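Structural overview for review
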Protein chains: 2
Amino acid sequence: MGLEGLLYPKSVALIGASPKEGKLGNVLFKNMSTFPGRFYPVNPNYEEIEGIKCYPNVSSLPEVVDLAVVIIPADPALRVIEECGRVGVRNVVVITAGFKEAGPEGAERERKLVEIAKRYGINVLGPNCFGLISTEVGLNTTFALKTALPGNIAFLSQSGAFCTSVLDWAWEEKLGFSHFVSLGNKAVLNESHFLKPFAEDPDTKVIVAYLEGIADGEAFIRIAREVVKTTPIVVLKAGRTEAGARAVSSHTGTLAGSNVAYEAAFRKCGVIMARNVEELFDYAYVLAKQPLPKGRRVGVMTNAGGAGVMASDAVEEYELELARFSEETMKTLREFLPPAANIYNPVDILGDAHPDRYERALDLVINDPNVDMVVALTAPAPLIPFGVLSRIVAAAKEKAEKPLTVSFMAGELGEEAEETLREAGIPSYFDPARAVRALAVLHRYAEVRKKEWKEPRRLKVDRSKVRELLARAHREGRTQLGVEAMEILSAYGIPTAPGRLARTPKEAGEIAKAVGDEVVLKLVSPELTHKTDVGGVTLGLRPEEVEAAAQEMLTRIAARFPQVRIEGLLVQRQLPPGQELIIGSVRDPQFGPLVMFGFGGIFVEILRDVVFGVAPLSPDEARELVESMRGYSLLRGARGRKGVAVDAVVEAVERISHLVYDFPEIVELDVNPLLAYPDGVVAVDLRITVSREVT
Amino acid sequence: MGLEGLLYPKSVALIGASPKEGKLGNVLFKNMSTFPGRFYPVNPNYEEIEGIKCYPNVSSLPEVVDLAVVIIPADPALRVIEECGRVGVRNVVVITAGFKEAGPEGAERERKLVEIAKRYGINVLGPNCFGLISTEVGLNTTFALKTALPGNIAFLSQSGAFCTSVLDWAWEEKLGFSHFVSLGNKAVLNESHFLKPFAEDPDTKVIVAYLEGIADGEAFIRIAREVVKTTPIVVLKAGRTEAGARAVSSHTGTLAGSNVAYEAAFRKCGVIMARNVEELFDYAYVLAKQPLPKGRRVGVMTNAGGAGVMASDAVEEYELELARFSEETMKTLREFLPPAANIYNPVDILGDAHPDRYERALDLVINDPNVDMVVALTAPAPLIPFGVLSRIVAAAKEKAEKPLTVSFMAGELGEEAEETLREAGIPSYFDPARAVRALAVLHRYAEVRKKEWKEPRRLKVDRSKVRELLARAHREGRTQLGVEAMEILSAYGIPTAPGRLARTPKEAGEIAKAVGDEVVLKLVSPELTHKTDVGGVTLGLRPEEVEAAAQEMLTRIAARFPQVRIEGLLVQRQLPPGQELIIGSVRDPQFGPLVMFGFGGIFVEILRDVVFGVAPLSPDEARELVESMRGYSLLRGARGRKGVAVDAVVEAVERISHLVYDFPEIVELDVNPLLAYPDGVVAVDLRITVSREVT
């Protein structure tokens, strides 16, 4: 279903229009009556409102409108929306509250609303929302006193109140929007539905969203990945922390995904995460207004040493790089700058600089081939009025077509610069660090754009084998699988330690002889999954010792845990020491299976030093995940330690990601340890939790 | 030397006053002529300037002024300062540039300046500075067009340009200062000299500094520790990163200490570090205006769910805690709030709230005994004008005497609140996270105030033994000491692995029999300090095997490294496996010896996961350092692992900190590993680098 009629309607109706001052129906009437297209107020109690003909109902309208806005109470609203459906209206904004957010009765209403929308194929925005503004067609269906200014930012918000805040603030900041959409309860339309229409809108340069949850994680990732190729997406995901997430669920009933899942998901699809409101709009502004840098090298211009130092700190903290100027640039700077000036980056043209000196230096810096972007810092100085300066930086940025941000470290003195800077799309902050941060987000998005998004591979794996093993566990009513299920890993091409399940001590002894010179005996019992804690593992046995050891273990465990079912003993070849790794998986309610990777032992147990990705992973994603781990250099071999087969590690991560994606009934999985050697990896132990339902 | 005459002068002279418009001497003349005390312009070329009598030189002034401000060129300035000294002027502000910052010639001038200042006991501020402002006495000795507004912030800046920026910006923000001091080259007076005078000033509530380096680290720590008991200190240390530090040294010649040293030093003395300009002044504002919270529990008030979620995220991110309201509070909230409101923290009184509802809810929240501070969030809503709201929050804060910050998430609509909030000392930010961050710094400072600052213990150690060992190394021209110097550790009460140096294989065999059942043989050679890398360590020898093994090792090493001097072999008892720790030390140019602590092995080698403290450490500081390590829980015993003797670890850290403090010639030290067991610690290996000069 296209959103053309919702975002660019030619005709709109307001269900619940009112002539009474102060009533919501009147505020909306006034806001919508300035719509340059065709506007029809609907209210059976009036013939006309403020000179505009009023219609008794949707059926009586002279045409099938592109969009109907509903503000009448919830129960009649449902009937009107159904009427909309019958006459063929395909886009409805439901501002009315009293749905999912209002207890079980409201939830039932919302269910009905969804059902009506489905039956008639209606795009419903809301309910319980603040409406939308499309500055391109001049439509304001909100009860805001002022509409949005036209601009290049498309804004989505899951909080209606935040919409009013942003509108009021943006007016003061003269920040403009192409679209301004309040999502409300997201009963039908959610954030994902708007991404493509916004990306296809030539007036939209950046998509910005305040979200408390994501309705359909998989769709969001798929669509966002496509969209970010042309249009950046910045999201402030509220409810990131435990405290924040509790606040979310008390207020909207959204089941908030854990932050780790959002971080992994946003990384997967190139969405930029803002941590707070300041970042959200700082990022939006530069992404809407500035070209992208070719690399990470920043040229810093200043007339004050201190500012240069602060900017240099920020350059490093935001993972950019101070540019090294070309010989040419430095030579010329040396020629015309006074001897006390600094010709290296940051260029300090000193406090006594005339505008000429500023202009020449900036021209050299911004056009240096080693400079990808520029931050221009200026403390108040008698000879450089900020008005003149603003025209210099605006012209330089325009000509060089490189990103440029500004920190005019002033108050009143800087005011004369504001308009020129705004027209040139140059943000200026008092704090040099903030000006650098704005450049950093441009670089981050440039990296996203450069990335080749490869799909996961089609792996040759034995799906039917895994299906069979999981089905058997299901039949037996088991939700915990252990080392006996190593075949699941083999079926997905992950090397496992040679070995087999023995039902009797005698069989154990026989298997041992086939398996190797030194073996490990592991208890297999669905009820005793922490087998090391109960004496269920014996290491370093020679094959001829195995039968007796098996007998002893079984007797001992049976005596200690008489009620417990013992399936047998796994006889595994004992492997030489290798680098202990862990590959795991958990299922996130919004994004599905996540793959976890890290060092084993205390790294995971105490330090929880692991990384997460959203399954399934492409080979590149698996590699990025492995490389993003702290201490990755240890895998490569560092400080006299031998490295391991990183390619094999990466492939194991990739294969596990396919396994947990292909079998949604696997709700948790731990391969721990996976031993890594210079020539490959071997999975040694496994725990899987499966859901009771086969999906 | 007191700074009374510098900060609160009764009489001031301006050396270099000028009647000529646009000249610096005229700008300063105008700024200083409004001084309500006695003001004397000095310039031999004029009889009077703008109606004020002008004097030819300092000697001809009718009195010995409290303060002279010098703006004449550098060479004559030196002569005038000497004249000041002769006639008894004890405070001089040198605005003139051309000193250390201006090459070798300037450095020579600065040396002379220091010499003059010492000879006459003159407090020199600068040179190459922007001057100072003392709003309390109405003095402005800067060339700023506007002076500072009176207020409670004392500001120190190492950058003159940053002073002009802050002044202009503060004027617009209506932010006031008690003192405003540009430090310039810090030839004589530096940041440390101002801390106590500011703390003793009843009008100063917070000390704020922009610094690129600290002149005397030890003095700064000692004085700051005293000062923070009554007055908070916030420092923006620029040049924190490698890039930033390079920028510093290209611009002021300060040798910037490494960031790790600054962090450790500021922690040691309770100084709050700001990472950027925004933090610096956000922190200054609340610390100047608000009471301190008793704990970390935040009450959040909102009329918009989304804002509450964002604030909750920030509460956790800034390590505060969402308060749990008392039963009483929740009961009353439930009684009068509408059913859809949230009575738990964050309290959401909904968008349709009247001021009455806001006032009652805020009254309950701020006076709840479980609430230490409050953040009040408000999105624009038709029924609550921000003007009314600002009076409500101001009154509530005043009455409850608890910290309160505000996020009025609005633009123009919020303007009517500004004055009331400013008068009440309540900061308001559009971003809820920033309002929470301001509360967090109040809590941080409250913790600093609560802390008992204990001095390091006087340890019973054998200093003369260490002195003797270091003197011997010095005599022998050695700068590298190794495991043979373990006695240094024993002398400081740190348990070491039993063992002794053997000069011959035979002696090695004899020692082995006395040392234990299993021993380690370690090569001792000042030139081969990485002994494991050259086959200089053999583990697991039985005493009877030692003589032969020693012979073999000596022969092998002598063949491979024929030029190398071998001192002998250390025979050490082989210890059972324990938790490998590392205690190290490096010397910071500004703060002296730093102690490093962390896990051994890959933690330190690959992850560089270590913590630093400034020596010497008190027992509490040593404990805090150990506890601040990531994975500290591993030492305590966690997840089925046995813990180690944490007290012994802490004491070893403390003792090492004394060792490196007592012997400044130890420039680097590594005890690696220190093995920790459930019943104690043992140092197993050691490397020390000593300076060529005995200090």
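Residues numbered from 1 in each chain as written. Chains lettered and ligands numbered in written order. Predicted model: local features only at pLDDT ≥ 70, side-chain atom pairs only at ≥ 80, totals over all residues.

**As for the overall build of chain A**
Let me state the cut-off plainly: Strands are runs of DSSP state E lasting at least 2 residues, helices are runs of H or I lasting at least 4, and numbering of each runs from the N terminus. With C-beta atoms placed from the backbone, the exposure class of a residue follows from how many other C-beta atoms lie within 10 Å of its own: 20 or more, buried; 12 or fewer, exposed; in between, partly exposed.
The number of helices and strands found in chain A is 24 helices and 30 strands. With respect to the three principal axes, the spread of C-alpha positions in chain A is 95 × 80 × 40 Å. The buried share of chain A, reckoned over its 695 residues, is 54%.

**As for the nonpolar core**
Put simply, the rule is: Joining buried Ala, Val, Leu, Ile, Met, Phe, Trp, Tyr and Cys residues through C-beta atoms within 7 Å gives a set, and that set is a nonpolar core. A pair of residues counts as a contact when their C-beta atoms, built from backbone coordinates, are separated by no more than 7 Å.
Val69, Val70 and Val653 of chain A together with Val69, Val70 and Val653 of chain B are the most contacted members of the largest nonpolar core, which has 485 residues in total. With sequence-adjacent residues up to four places away left out, valine 70 of chain A is seen in contact with Ile15, Gly16, Ala77, Val80, Ile81, Val92, Val93, Val94, Ile95 and Thr96 of chain A.

**Observations regarding the interface of chain A and chain B**
In many reports, interface size means the accessible area that the parts give up when they come together. Heads up, the rule is: Note on residue classes: Ala, Val, Leu, Ile, Met, Phe, Trp, Tyr, Cys and Pro are nonpolar, Asp, Glu, Lys and Arg are charged, and everything else, Gly too, is polar.
Contacts between the two partners involve 69 residues from chain A and, on the opposite side, 68 residues from chain B. For the side of chain A that touches chain B, the leading source of residues is helix α11 (residues 305-317) of chain A, giving 11 residues. A breakdown of the residues in the side of chain A that touches chain B according to their chemical character gives 32 nonpolar, 20 polar and 17 charged.

**Here we look at the environment of lysine 30 of chain A**
All names here are of chain A. Within the secondary structure, lysine 30 is located in helix α2 (residues 24-33). Here lysine 30 falls in the partly exposed class, since 16 other C-beta atoms lie within 10 Å of it. For the pair formed by lysine 30 and leucine 195, sequence separation is 165 residues and the distance between their alpha carbons is 29 Å.

**Re the confidence of the model for chain A**
All names here are of chain A. Stated precisely, the cut-off is as follows: A residue's pLDDT is the confidence the predictor assigns to it, expressed on a 0 to 100 scale.
Overall, the predicted model of chain A reaches an average pLDDT of 92, with 96% of residues at or above 70. In this model, residues 250-256 is a region of pLDDT below 50 whose contacts with residues beyond four sequence positions or in other chains number 24 contacts. Interface confidence for the predicted complex, given as ipTM, is 0.87, next to a pTM of 0.91.

**Regarding the domain arrangement of chain A**
Defined as follows: Each domain's limits were defined by an automated method or a database of domain assignments.
Each domain of chain A was delimited in the assignment, giving domain 1 (292-450), domain 2 (498-573) and domain 3 (579-690). Here the C-alpha centre of domain 2 of chain A lies 69 Å away from the C-alpha centre of domain 1 of chain A.

**A look at the sheet that holds strand β2 (residues 38-42) of chain B**
All names here are of chain B. What counts here: Two strands are counted as paired when DSSP detects at least two bridges linking them. Axes, fitted as lines to C-alpha atoms, cover a helix only where it is in contact. Angles between the N-to-C directions of the axes lie from 0 to 180 degrees.
If you walk across this open sheet you meet the five strands as β2-β1-β5-β6-β7, and the pairing is parallel. Single-partner strands in this sheet number two, and they are β2 and β7 (123-125). In this sheet, adjacent strand axes meet at a mean angle of 20 degrees when their direction is disregarded. Here strand β6 (residues 91-94) pairs with β7 via three bridges, running parallel. The residue bridging valine 93 from the neighbouring strand is leucine 125, located in β7. Packed onto the sheet, helix α2 (residues 24-33) meets β1 (11-15), β2 and β5 (67-70) and runs at close to 170 degrees relative to β1.

**Overview of the relation of the copies chain A and chain B**
Stated formally: The copies are overlaid by a least-squares fit using only the C-alpha atoms of residues whose pLDDT is at least 70 in both copies.
Aligned on chain B, chain A shows an RMSD of 0.1 Å; the corresponding rotation is 180 degrees and the shift along the axis is 0.0 Å. Each copy turns onto its partner about a two-fold axis. Take the interface residues of chain A: 99% of them recur as interface residues in chain B, which is what a same-surface contact looks like.

**Quick word on the sheet that holds strand β21 (residues 499-502) of chain B**
All names here are of chain B. Ordered in space as β21-β24-β22-β23, the four strands form an open sheet in which the pairing is antiparallel. Sheet topology places β21 and β23 (537-541) at the edges, where each strand pairs with a single neighbour. Each neighbouring strand pair of the sheet contributes to a mean axis angle of 20 degrees, computed without reference to strand direction. As paired elements, strand β22 (residues 519-524) and β23 share three bridges and run antiparallel to each other. Bridge assignment links leucine 521 to a residue of β23, and that residue is threonine 538.

**Quick look at the packing of helix α6 (residues 191-200) of chain A against helix α7 (residues 217-227) of chain A**
Residues and elements named next belong to chain A. Let me state the cut-off plainly: Working rule for angles: under 35 degrees goes down as roughly parallel, over 145 as roughly antiparallel, 65 to 115 as roughly perpendicular, anything else as oblique. Each crossing is labelled by how the near helix is turned from the far one, with a counterclockwise turn of less than a right angle marking it left-handed and a clockwise turn marking it right-handed.
Running from amino to carboxyl end, α6 crosses α7 at an angle of 15 degrees, the nearest separation of the two axes being 9 Å. Taken together, the axes of α6 and α7 are roughly parallel relative to one another. Both α6 and α7 take part in a crossing whose hand is left-handed. Here α6 contributes Glu191, Ser192, Leu195, Lys196 and Ala199 to the contact with α7, which in turn contributes Ala219, Phe220, Ile223, Ala224 and Val227. Residue composition of the contact of α6 with α7, grouped by class: seven nonpolar, one polar and two charged.

**Here we look at helix α4 (residues 103-120) of chain A**
Note on helix geometry: an α-helix contains 3.6 residues per turn, so any two residues three or four positions apart are oriented the same way. All names here are of chain A. Formally: By definition here, a helix of n residues has an expected span of 1.5 Å times n minus one. Note: the arc covers the axis-to-C-beta directions of the helix.
The end-to-end C-alpha separation of α4 is 26 Å, in line with the 26 Å expected for 18 residues at 1.5 Å each. All buried positions along α4 are accounted for by Arg109, Glu110, Leu113, Ile116 and Ala117. Mapping the buried residues of α4 onto a view down its axis gives an arc of 120 degrees, with all of them on the same face. For α4, exposure combined with an orientation more than 90 degrees from the buried face picks out Pro104, Glu108, Glu115, Lys118 and Arg119. Of the surrounding elements, those touching the buried residues of α4 are α3 (74-87) and β7 (123-125). Where α4 terminates, the next one or two residues include glycine 121, which has phi positive at roughly 65 degrees.

**Points about the environment of alanine 435 of chain B**
Residue and element names in this part refer to chain B. On the secondary structure map, alanine 435 appears in helix α16 (residues 432-450). Note on alanine 435: 29 C-beta atoms within 10 Å, which makes it buried. In this structure alanine 435 touches Val375, Thr405, Val406, Ser407 and Tyr429, once residues within four positions along its chain are discounted.

**Observations concerning helix α13 (residues 355-367) of chain B**
Residues and elements named next belong to chain B. With 13 residues, α13 extends 18 Å between its outermost C-alpha atoms, agreeing within 8% with the 18 Å of an ideal straight helix rising 1.5 Å per residue. Restricting attention to buried positions, one finds in α13 the residues Tyr358, Ala361, Leu362, Leu364, Val365 and Ile366. Considering only its buried residues, α13 is in contact with β15 (297-302), α12 (327-336), β17 (347-348), β18 (373-378), α14 (386-400) and β19 (404-408).

**Quick word on unusual backbone geometry**
At the junction of glycine 126 of chain A and proline 127 of chain A, the peptide bond is cis and its omega measures out at -5 degrees in the coordinates. Within the element layout of this structure, proline 127 of chain A appears in the loop between β7 and β8 (132-134). In this chain, asparagine 345 of chain B is followed by proline 346 of chain B through a cis amide linkage whose omega measures -5 degrees. Here proline 346 of chain B is to be found in the loop between α12 and β17. The phi dihedral of lysine 174 of chain A is positive, around 55 degrees, even though this residue is not glycine.

**A short note on the pairing of strand β1 (residues 11-15) of chain A**
The two faces of a sheet get side chains in turn, since along a regular strand they alternate between them. Residue and element names in this part refer to chain A. Within β1, four of the five residues are buried, which leaves it mostly tucked inside the rest of the structure. The pairing of β1 with strand β2 (residues 38-42) spans five bridges and is parallel. Following the sheet pairing, serine 11 is matched in β2 by arginine 38. Of the pairings in the sheet, the one linking β1 to strand β5 (residues 67-70) comprises four bridges and is parallel in character. Looking across to β5, one finds that alanine 13 is bridged to alanine 68.

**Remarks on the environment of lysine 465 of chain B**
Residue and element names in this part refer to chain B. Along the chain, lysine 465 falls in helix α17 (residues 463-475). A tally of 14 C-beta atoms within 10 Å means that lysine 465 is categorised as partly exposed. Counting along the chain gives 119 residues from lysine 465 to glycine 584, while the straight-line C-alpha distance between them is 21 Å. Other than its neighbours up to four places away in sequence, lysine 465 contacts Glu487 and Ala491.

**Notes on the pairing of strand β12 (residues 206-211) of chain B**
All names here are of chain B. Burial analysis of β12 places six of its six residues in the buried class, the great majority of the element. Of the pairings in the sheet, the one linking strand β10 (residues 149-157) to β12 comprises five bridges and is parallel in character. Across the sheet, residue alanine 154 finds its bridge partner in β12, namely isoleucine 207. Examined bridge by bridge, β12 and strand β13 (residues 233-237) share five bridges and lie parallel to one another.

**What to know about the packing of helix α19 (residues 505-515) of chain B against helix α20 (residues 543-560) of chain B**
Residue and element names in this part refer to chain B. Between α19 and α20, the least distance of the axes is 8 Å, while the angle of their chain directions is 150 degrees. Considering the angle they form, α19 stands roughly antiparallel to α20. Of the two possible hands of crossing, α19 and α20 adopt the one that is right-handed. Residues Pro505, Lys506, Ala508, Gly509, Ala512 and Lys513 of α19 pack against Pro543, Val546, Glu547, Ala550, Gln551 and Leu554 of α20. Within the contact of α19 with α20, the residues separate by chemical class into seven nonpolar, two polar and three charged.

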